[in-house]
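Commentary on secondary and tertiary structure
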Amino acid sequence: MTYSGTVKVGGPADVHELTDLMISKVAVGPMDNNAYLLRCRATGEQLLIDAADEAGTLLRLIGADGIMSVVTTHRHGDHWQALGEVVGATGARTYAGAYDAEGIPVPTDVRVEDGDAIRVGRVSLTARHLAGHTPGSVALVYDDPHGAPHVFTGDCLFPGGPGRTASPTDFTSLMDDLEEKIFGTLPDETWVYPGHGNDTTLGDERPHLAEWRARGW
């Protein structure tokens, strides 16, 4: 079936099948958080992005093969409610942005800096530090050698604009980082997987960057 990226809490996962990577998206919890299970097709190794809520749902998605790692995109509580239970059940290694790790109650094994590589089997993801929504938010970029890139943006980029910020300074910081590290380095065809709601592409959002700057949110 064709991947749409449209999921709902209590519903099935939607699976994006790439040549080297399978991406399963599921919605969990009262804030309709997205969690993403990445599976290397060559090795079967798995990585979870945001153990947001509903540990039982996430563990069923993970299945008997388990996971090697969990990446938490940022410190906000709706993105780690199930982290402790998932790590306890799987023994997964935990990753989070270096400047957000202290705000996550489950210990972070690896503090991620901008440009760090995070591997799932033979697939490599590149971390991009995007400051503004939180001090240490990270996006993960998969530069697919067989097609367009894919980027998991947490709450830093959604269809229609950047994530929420608490001050004009934070907004400017987030926009600067998005324009430099995401829009400035990736093509329009890049698929965007946000922390809540539907997916988008950089091409759909790029024409609105000046509009977002002008409105200030």
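Just above, that's the structure.
Residues numbered from 1 in each chain as written. Predicted model: local features only at pLDDT ≥ 70, side-chain atom pairs only at ≥ 80, totals over all residues. Heavy atoms only, no water.

1. Things to note about the pairing of strand β11 (residues 150-154)
Where burial is concerned, most of β11 is hidden: five out of the five residues are buried. Side chains His150, Phe152 and Gly154 project from β11 onto one buried face, and the interleaved Val151 and Thr153 project onto a second face that is buried too. Pairing geometry for strand β10 (residues 138-142) and β11, over three bridges, is antiparallel. Paired with Leu140 across the bridge in β11 is Phe152. Here four bridges tie β11 to strand β14 (residues 191-194), and the two strands are oriented parallel to one another. Counterpart to Phe152 in the pairing with β14 is Tyr193. (Buried < 20%, exposed > 50% of the residue type's maximum accessible area, 1.4 Å probe, protein only. Helix = DSSP H or I, 4+ residues; strand = E, 2+ residues; numbered from the N terminus. Pairing = 2+ DSSP bridges.)

2. Section: the sheet that holds strand β6 (residues 93-97)
Ordered by their spatial adjacency, seven strands build an open sheet running β1-β2-β3-β4-β5-β6-β7, and the pairing between neighbours is mixed. Of all strands in the sheet, those with a lone pairing partner are β1 (14-17) and β7 (110-112), marking the two edges. Averaged over neighbouring strand pairs, the angle between their axes works out to 20 degrees when direction is ignored. Sheet topology places strand β2 (residues 21-28) next to strand β3 (residues 33-40); eight bridges connect them, and they run antiparallel. When the bridges of β3 are listed, Ile23 appears paired with Leu38. Helix α1 (residues 55-62) rests against β2, β3 and β4 (46-49) of the sheet, and its axis sits at about 160 degrees to β2. (Axes fitted to C-alpha atoms, helices over the stretch in contact; angles between N-to-C directions. Contact = heavy atoms within 4.5 Å.)

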